[in-house]
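# Fold and contact review
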Amino acid sequence: MAKLFAVTIVVIAIASAVPIVMHWWPMPQDISIHGHLIDEQYADTMLEAGISFLASQIILAFFIWKFSHTKPGDKIKRFPGGAAGLVTAAFLLVGTEVLALGVFGAKAWASVYLDPPAANALPVQVQAGQFAFYFRYPGPDGTFGPAHANLISEANANFFGLDTTNDADSKDDIVTAELAIPVNREIHLLMHSKDVGHSFYVPELRIQQDFVPGLDVSVHFTATQIGKYEIVCTQLCGLGHYNMKAYLEVKSQDDYDAWLKQQAALQ
Amino acid sequence: MHDMSHQEVHHGAPTSFIRKHIFSTDHKVIGKQYYALALVAALWGMVLSWIMRLHLGWGSLAIPGLHFLSSTGAPGDVMTPEYYLQLMTMHGTIMVFFVLTTAPFAAFGNFFLPIQTGAEDMPFPHFNMMSFWVTFVGFLVLVASFFVADGPTLGGWTMYAPLSAIGSVGGPGEGWGVVLWAASIGIFCIGQLLGSLNFITTTLDMRCKGMSLMRLPLSAWAWFITSVMGLTAFAVLMPACILLILDHLAGTSFFVPSNLVINDQLLPHSGGSTLLWQHLFWFFGHPEVYIAIIPGMGIVSHVLITNMRRPMLSHRVLIYSMGSLAVLSYMVYGHHMFVSGMNPVSSLAFSFPTLIITIPSTIVVLIWLGSLYGSKLRINSASLFALGFISMFISGGVSGFFLAQPSIDIMLHATYFVVGHFHLVMAVAAMFGIFAGTYFWFPKMTGRMMNETWGKVHFWMSFVGAYGIFMPFHYLGIAGNVRRYQAFTDDYLIPLIPVHRFITVAALFTGLAQVIFVLNLIYSRFKGPAATDNPWQGTSLEWSTATPPPHNNFGDKMPVVYHDPYQYSVEGASADYIMQTSTEPVHSPDEEK
């Protein structure tokens, strides 16, 4: 029974590792400038965690195999180096490993959250609400008009609560249900929620950020590949949570300009 | 030590049925009551998970009889999207609070902590009785939420505001469902605070003659450390629940900011903070993870030592490591909030303690592995589950490397990777700890042995089945599969549905094993062969008293302790173990001074 158990542990450990080691199960394609930092950090962590995982499981299995068939007269043996050796190893090996991961990982984090957006980043506002995202572009004046919560009306398609009669800045604002962006241009996404917590997640973009009701939050990113990707909500927001999504369309600058003009005409 | 007057805790054996079995002040009865509550809760939580898994695999599947649970939640026996979320929330809440906290800590701790310390009961037996009954009322309040108009809350066990704080406009169950949830958990906190006080005082003040702190078994140390955490963590969650209830019933706005609009209506709240809830919840929530798992570490160590016929490489290092985990657990909670909108510098600040907490975790694992080396390992149901615990704890632990880093968390947060991680490291591992404890201590608790063959069947199915469920969760997360979705309608998620179906089959298979366990438990309770006082040749105090122990634990003569807890395979000794109460001299390098 002990030997079978040992073999089972090893089989499960190896079977778990194979899809990763053989690159059968990669993360979704990366379409962002910063994403490679996350992916490299992920790969380094996978290597270190994978070695720790396989080594520990195999040692566990080996010891179960070897030490479960002792005879009554056998003596207890002490692990070479004893507890002091193991504690030292844990501090040195794991301590160094995790500190290295922490320090290098901080760089990837900083590129998304600590570095400010470029001055010429394209500002786009996104509003999350049960169970849809809406996006707003500032229009030719480059300025978003103020949003008035009391004017929000889905029935009248005034999703942001704009007062286009009295607010000059709002008149040229463009509101859409999809996020179209030009490729290779930094986007400064200004996020707010109109009701409860939501999140903005595009796996290919390597961006996930919660909307915090009552707070304005922002992220910035640059998409590098033209294409259509899904934006999904990852913060439980109510019964339609699973179905809350929008599309991110990364377009060439010309296509983007044409799209924006078309959307402006629809307002 | 042992200076608390015996009169304070001494109470004669009750004679009436009610005082003996229901409103009992005997810690052993209370321990069994907690175990029974955890068992009922676990079965209910498991059935909920089956329903959820069937729905995730085959969304339009009619589950016969489901409409009896809720005619509106499952019309025609097919679950609605909101009912999926409601059952999911109940699964998490029931499992975390009423199973993973009650069984390893409150159930086994109540039964065995006083015995392992050499006390005749806990110092405040009436508080102890209250602790269970208050917890039971908390459970009933949670169950009651199934029967209110729009059912239990759908907000997830983390109950994030403002969804949880704005009332029924937020969706089904967000009115009375949330109020009952918060009331239930608030009441639960009171029960655990009372229990923690008793555990701490028992450990510090009730030890018998000769029982120094370092002579306490590792299980007793684990319960003690956990009770200190319980005292501080539940004391934060309880006021958070009270504030949440006030937001519902008293018109306050602790967790709701101004200018929120639902259904084109401006909500009449202002001035609250949604992140405040997250900080309060996770300041409790992360220590809670360790409240669930540290007792398991203690139980598994205790079970393994007896079955390895040797002490751990270092008793003290394990105790210090568990203590370090407890302290660090309060410093890492922000890793649940990396992408919450919290200041991004705070995320880095929370990342480093989270990475550092892997050091004491690694030390614990290495001590276990190093102690297995050169041991005389016995294979039985208890030791299999204890070894399975180590395997699960390793597997769930290494995925923590990823989630501890905010940069990678951008990708994996709120995906099935997280669900796989915490299920392995705190749920499956903790359950394996509970099973190891059950097979090991069942004879002492009931006077009968459990069936070993069915115990092993239970183990094999659980071990293979649990990996079959939770390893694929990690792959789903890597592919970006968001958690808490009742259906996978996104283009990139549709190809993952076959993986979900595989997991559902694995979950049903693993669930079948738990049915076998329960049948074994019930059958053995009444028909199992009689157990001797010390069936595993153990050394700690629970094995030096009768099986099952008398009302005051040790009969006429209180124990006197002469040795460290784990004197196994001592050279020159008359047997391969020397009990703590034995006067036989020991000259062993393992004897801690």
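Basis of the calculations
- Residues numbered from 1 in each chain as written.
- Chains lettered and ligands numbered in written order.
- Predicted model: local features only at pLDDT ≥ 70, side-chain atom pairs only at ≥ 80, totals over all residues.
- Pairing = 2+ DSSP bridges.
- Helix = DSSP H or I, 4+ residues; strand = E, 2+ residues; numbered from the N terminus.
- Axes fitted to C-alpha atoms, helices over the stretch in contact; angles between N-to-C directions.
- Expected span 1.5 Å × (residues − 1).
- Buried ≥ 20, exposed ≤ 12 C-beta atoms within 10 Å, placed from the backbone.
- Contact = placed C-beta atoms within 7 Å.
- Nonpolar A, V, L, I, M, F, W, Y, C, P; charged D, E, K, R; others polar.
- pLDDT = per-residue confidence, 0-100.
- Domains from an automatic or database assignment.
- Parallel < 35°, antiparallel > 145°, perpendicular 65-115°, else oblique.
- Left-handed = near helix turned anticlockwise from the far one by under 90°.

The next subject is the sheet that holds strand 1 (residues 122–129) of chain A. Residue and element names in this part refer to chain A. On the basis of which strands lie adjacent, the open sheet formed by five strands has the order 3-2-1-5-8 and mixed pairing. The open sheet is flanked by strand 3 (174–176) and strand 8 (217–222), the only strands paired with a single partner. When the angles between neighbouring strand axes are averaged without regard to direction, this sheet yields 25°. Direction of pairing for strand 2 (residues 132–137) relative to strand 3: antiparallel, over a ladder of three bridges. Bridge pairing in strand 3 links Y137 to I174.

Looking now at helix 13 (residues 381–398) of chain B. End to end, helix 13 of chain B covers 26 Å across 18 residues, agreeing with the expected 26 Å (1.5 Å per residue, within 8%). Where burial is concerned, most of helix 13 of chain B is hidden: 18 out of the 18 residues are buried.

Listed per partner, the contact involves 85 residues of chain B and 89 residues of chain A. At ten residues, the largest contribution of residues to the side of chain B that touches chain A is made by helix 12 (residues 358–372) of chain B. Here the residues of the side of chain B that touches chain A sort into 52 nonpolar, 26 polar and seven charged.

What follows concerns the pairing of strand 6 (residues 198–202) of chain A. Residue and element names in this part refer to chain A. Among the five residues of strand 6, five are classified as buried, and the element is accordingly described as predominantly covered. Burial along strand 6 is two-sided: the residues H198, F200 and V202 and S199 and Y201 are all buried. Between strand 6 and strand 7 (residues 207–211), which pair antiparallel in sequence order, lie four residues; one of them, R206, sits at a positive phi of approximately 55°.

Time to look at the confidence of the model for chain B. Residues and elements named next belong to chain B. With 97% of its residues at a pLDDT of at least 70, chain B reaches an overall mean of 94. Mean pLDDT per element in chain B: helix 1 (residues 6–9) is the minimum at 49, and helix 17 (residues 452–478) is the maximum at 98. Counting contacts from residues 1–8, a segment whose pLDDT is below 50, to residues more than four positions away or on other chains yields twelve contacts. Scored as a whole, the predicted complex attains pTM 0.96, and scored at its interfaces, ipTM 0.96.

A separate point is the domain arrangement of chain A. Residues and elements named next belong to chain A. Partitioning chain A into domains gives domain 1 (2–68 + 82–113) and domain 2 (122–266). Each of domain 1 and domain 2 has a C-alpha centre, and the two are 38 Å apart. At the junction of the two partners, domain 1 supplies ten residues and domain 2 supplies twelve residues. Split into classes, the residues belonging to the side of domain 1 that touches domain 2 amount to five nonpolar, four polar and one charged.

Right, let's talk about the packing of helix 16 (residues 416–446) of chain B against helix 17 of chain B for a bit. All names here are of chain B. Direction vectors running N to C along helix 16 and helix 17 enclose 165°, while the axes themselves pass 8 Å from each other. Taken together, the axis directions place helix 16 and helix 17 in an arrangement best described as roughly antiparallel. For the crossing formed where helix 16 meets helix 17, the hand is left-handed. Note on element contacts: helix 17 touches helix 16 through G455, A466, F470, F473, H474, L476, G477 and I478, opposite Y416, F417, V418, V419, G420, H423, L424, V428 and Y439. In terms of residue class, the contact of helix 16 with helix 17 is built from twelve nonpolar, five polar and no charged.

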